[in-house]
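Spelled out, the chains give:
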Amino acid sequence: MKKGQIGRVTMLKTGFSIFKLEDGKMVPARYVKKGGVFRVYGICRDDYTTNYALEANLFAYRSSHRMDGSNEYFQKNLFYETPSKAKLELVKQVNN
């Protein structure tokens, strides 16, 4: 784990796009292989989508939703996991 990391995503399918933000738009930046792992530093939500913020201004698409929040459609191309409380405490001790 690195400072600021809140979890990680593992790609479940080959060819899933990782996006970057350019001129206010999400554009494809990378295509990954099944089993690729990325650190997650935040979760970003806008009007219609939710994305995981990865390193180097990259994002992984998590879900789309209606503006009123009534329906959310999750992407099944990735698996998000958070670290255990024990691991978080250990990282906190090391960083202080």
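Draft legend 1. The arrangement of the sheet that holds strand S4 (residues 37-40) in detail. Spatial ordering of the open sheet is given by S4-S1-S9, a layout of three strands whose pairing is antiparallel. Each edge of the sheet is formed by a strand with only one pairing partner; in this case those strands are S4 and strand S9 (78-81). Pairs of neighbouring strands in the sheet enclose a mean axial angle of 25°, with direction left out of account. Pairing of strand S1 (residues 7-11) with S9, which is carried by four bridges, proceeds in the antiparallel orientation. Among the inter-strand pairings, Val9 is bridged to a residue of S9, identified as Tyr80.

Draft legend 2. Here's a closer look at the side chain of Asn51. Tracing the chain through its elements places Asn51 in strand S6 (residues 49-53). For Asn51, the residues in contact, after removing those within four places along its chain, are Met26, Gly42, Ile43, Cys44, Phe59, Ala60, Tyr61 and Arg62.

Draft legend 3. Just the environment of Pro83, in detail. Secondary-structure assignment places Pro83 in the loop between S9 and helix H1 (85-95). Sequence spacing of Pro83 and Arg8 is 75 residues, and the spatial spacing of their C-alpha atoms is 8.3 Å. In this view, Pro83 contacts Met1, Ile6, Gly7 and Leu88; residues no more than four positions away in its chain are not counted.

Draft legend 4. Fine view of the pairing of strand S5 (residues 42-45). Judged from the four bridges that link them, S5 and S6 form a sheet pairing that is antiparallel. Each bridged residue has a counterpart across the sheet, and for Gly42 the counterpart in S6 is Ala53. Remark: three residues form the turn of the hairpin made by S5 and S6, two consecutive strands paired antiparallel.

Draft legend 5. Fine view of the packing of aromatic side chains. All told, the structure shown has one aromatic pair when counted by the stated rule. With 4.7 Å between their ring centres and 15° between their planes, Tyr52 and Tyr80 make a pair best called stacked. Here Tyr80 lies in strand S9 and Tyr52 lies in strand S6, a separation of 28 residues in the sequence. When its relative accessible area of 5% is taken as the criterion, Tyr52 is described as buried. Tyr80 gets classed as partly exposed once you look at its relative accessible area, which sits at 23%.

The rules behind the values
- Residues numbered from 1 in each chain as written.
- Predicted model: local features only at pLDDT ≥ 70, side-chain atom pairs only at ≥ 80, totals over all residues.
- Heavy atoms only, no water.
- Pairing = 2+ DSSP bridges.
- Helix = DSSP H or I, 4+ residues; strand = E, 2+ residues; numbered from the N terminus.
- Axes fitted to C-alpha atoms, helices over the stretch in contact; angles between N-to-C directions.
- Contact = heavy atoms within 4.5 Å.
- Phe/Tyr/Trp six-rings, centres within 6.5 Å; stacked < 30°, edge-to-face > 60°.
- Buried < 20%, exposed > 50% of the residue type's maximum accessible area, 1.4 Å probe, protein only.

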